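# Inside the fold
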Amino acid sequence: MIKYKMELIDIKINLTYALAPTMIIEINNDKVYHQKIATDTIAVQSTVPTGDWQMKITHIGKNYEINNDEFFEIQDIFLNDVPIGHMIWNTTQIPLDVSESEISQHNWEGNLYFGHNAHCVWNFTSPVEKMLRDFYNTNQSKTINAQETTRKTLDYMKQKFQITN
Amino acid sequence: MSIPKLDILLVNVPFISTAYPPAGTSALKGAVQQHGYSAKVLDFNLQLFTKKFSPDTLSALENYYTINTDIDKATSTIIENFYQDCVRQIKNHNPKWLGISVFTFQCQRATNDLCKIIKASCPDIKIVIGGAGISTSGIASHKADFGDTLKEKNLIDHYIKGDGEVSLVKLLQNNTDYPGIDKPVYKVIEDLDALAFPDYEDVIDLPYEYHNSIKLLPITGSRGCVRHCTFCDIHAFWKKFAFRSGKNIAQEMISLYEKYNIKNFFFMDSLINGSMKAYRELCNVLVDYYETNNLEDKFFRWGGQFIIRSAKQMTEQDYVIAARSGCSGLCCGVESGSESVRNHMQKQFSNEDLDYTMKQFQKNGMTCYFFMITGYPTETAQDFQDTIDMFKRYKKYSIDGTLFGVNLNGLLSVDDGTPLYAKSEELGLVPIIPASHVHGLNWQSQDNSQLTLEERIRRRIVLQETCMDLGYTVWNGDMQLKRIEASYDKIQNGTY
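Residues numbered from 1 in each chain as written. Chains lettered and ligands numbered in written order. Predicted model: local features only at pLDDT ≥ 70, side-chain atom pairs only at ≥ 80, totals over all residues.

## A few points about the domain arrangement of chain B
Residues and elements named next belong to chain B. Splitting chain B by domain gives domain 1 (6–190) and domain 2 (211–492). Computed from C-alpha coordinates alone, the two centres of domain 1 and domain 2 are separated by 29 Å. Counted by class, the side of domain 1 that touches domain 2 contains nine nonpolar, three polar and one charged residues. (Domains from an automatic or database assignment. Nonpolar A, V, L, I, M, F, W, Y, C, P; charged D, E, K, R; others polar.)

This is the structure we're talking about:
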């Protein structure tokens, strides 16, 4: 049996909304949030295994006849307090109860305005820090004008001044 | 046919960075031309350091100029040939005056060598030197010791201390009584808007090692500082904060773009948001220029040293407009994660202010890097832990590149001209080496006895390791640690 190392992740979603839309957040198909939205920031925690993982956000329960103005729109997604930047657009909204003719009237790719009952899925990887550093290209120490910082010199100094961890 | 006399040839000498054109010589060229004098700029430093030498030779040359090392015969020949080539170029331009920019003390050796050769081979050319590097005792010192030394040896005719734009013109007008000419006390220029823009015509096409091959020019928007940090000697040098209007600065940037297609600028100022009025005006004029000319936001990219301000002093809208104008890559002197230490330093910002600033940077896509100081005289174990905790808390900004680097610097140095130096006795600082005086790293605190030199070094090393473990990009750590080691050894054997 494969044992996965699990990573605890803080997820924060900033949004705008009207009326009281119901949102479901699922991480790898596990429901971590299922509520009527009453605030413009939603924070949840979840654990994910090393490797690929998925976040699914669903707008559910909209009654088009009674609450046609109901919606929420995702503004930002933060993982461990770090914005996911342009990765937020890497999703396609899948409407749940919309006619074929209406589907063709909207652009669903990268659409974060949930005016219908619909869901979006984002694919991420764990460790999240590595994924984000790869995305932002901040995973390697860079030097400017050969102003180096190396472990070798650091270790030499630790040894000379007898600094143990 | 003889070559007409050039009024002044302005030169840069080793060793300075070749990352972008030096500001001083081009600023002086603009200033003297404004008064009808002819001028030309030659960057001898660039000529030497862009030759195709081996890395070892380049390193030997750099060490020769920066830390006065001895050199082998082959390197000696390179330097000799370099000087002869400099003299040939100087003769070709037939100047009445030669102005040498002594940017830092690291330019002193080349200045000394060149002056000897020029005085011997072209005795008719008058030599004037200037720049922060003419003082060996720090920029704050009123002892123009390098300038005096060369003048006493008749290797130069004059030196200029402090602002050069007006005093150099006075010198060309033969007014050697003007403050700052061969005198330590000089007159600060208060109306910076009245100065001509720098003239980069002679250097703009030279092969500087621009970062990522993006052409960049320096801008000077102000002189002096609005804050009075205890470890800084700037107020001994610049008595008053003088600044250009935002409009005037924007006009210079726009003219450099329209003339040379330059879109990237780095401010040499001690701070770019010292005057919020000028800062706001600069941002607004740039954004107006983009809108008027159908250019996208952030068409220019510009940055420099930036002071942390409260939300009241610098509003969310200020950040929005600054980001739109292209302000980014800001150097923030955070110094410590401890409010208590920063209060003693007179930094005048709280942790809340810093949190607010970082949040605004992130929100508006502005980037920054931190300057830090370890081992401040009042720093306790808890203060140091506060710094460690701050870097843990701000890791998120390192991940998304908002905080793209950290310069931990060496240890706190008590330098001549700083409030710390002036008040060292009052602060209970005593020298480590018996019968010496408090200076540099040669101090210990009677009021904070745990903060020995060894403990300061330990904290500096632990901080670097923590930052590296957290994934921060730490700049220049190797050189800083080696300098700490060298200073420690000298203090141990009493030769510091």
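## Side note on helix α13 (residues 351–364) of chain B
Residue and element names in this part refer to chain B. A rise of 1.5 Å per residue sets the reference length of α13, with its 14 residues, at 20 Å; its end C-alpha atoms lie 20 Å apart and thus fit the reference within 8%. Residues of α13 that are buried: D353, L354, Y356, T357, M358, Q360, F361 and Q362. Those residues of α13 that are buried lie in contact with α11 (316–325), β12 (330–335), β13 (368–372) and α15 (395–399). Once α13 ends, the next one or two residues include G365, with phi positive near 70°. (Helix = DSSP H or I, 4+ residues; strand = E, 2+ residues; numbered from the N terminus. Expected span 1.5 Å × (residues − 1). Buried ≥ 20, exposed ≤ 12 C-beta atoms within 10 Å, placed from the backbone. Contact = placed C-beta atoms within 7 Å.)

## A short note on the interface of chain A and chain B
Tallying the contact residues gives 26 residues for chain A and 26 residues for chain B. Among the secondary structure elements, those contributing two or more residues to the side of chain A that touches chain B are β7 (82–83), α2 (128–136) and α3 (151–160) of chain A. In terms of residue count, α3 of chain A provides more of the side of chain A that touches chain B than any other element does, five residues in total. In the side of chain A that touches chain B, the residues fall into nine nonpolar, 10 polar and seven charged.

## Some remarks on the environment of L155 of chain B
Looking at the element boundaries, L155 of chain B is found in the loop between α6 (145–152) and β5 (158–160). Along the backbone, L155 of chain B and L354 of chain B are 199 residues apart, and their C-alpha atoms lie at a distance of 50 Å.

## Here's the deal with the nonpolar core
Within the largest apolar cluster, 123 residues are counted, with the highest numbers of intra-cluster contacts made by I129 and F265 of chain B. When residues of this core are assigned to their parent elements, the largest contribution, six residues, is made by helix α10 (residues 276–292) of chain B. Looking at which domains feed residues into this core, each of domain 1 (6–190) and domain 2 (211–492) of chain B supplies at least three. In this view, I129 of chain B contacts I100, V102, T111, I134, G147, L150, I156 and Y159 of chain B; residues no more than four positions away in its chain are not counted. Core analysis: the next-biggest nonpolar cluster, separate from the first, contains 23 residues, V82, F124 and V128 of chain A together with I399 of chain B among them. (Core = buried A, V, L, I, M, F, W, Y, C linked by C-beta atoms within 7 Å.)

## Considering the sheet that holds strand β1 (residues 6–12) of chain B
Residue and element names in this part refer to chain B. Spatially, the five strands line up as an open sheet ordered β2-β1-β3-β4-β5, and their pairing is parallel. In this open sheet, the two edge strands, each paired with only one partner strand, are β2 (39–43) and β5. Across this sheet, the average inter-strand angle for adjacent strands is 25°, counted without regard to direction. By the bridge criterion, five bridges tie β1 to β2 in an arrangement that is parallel. When the sheet's bridge partners are listed, L9 is paired in β2 with K40. With respect to the sheet, helix α7 (residues 165–172) is in contact with β1, β3 (95–101), β4 (126–130) and β5, its orientation differing from that of β5 by roughly 155°. (Pairing = 2+ DSSP bridges. Axes fitted to C-alpha atoms, helices over the stretch in contact; angles between N-to-C directions.)

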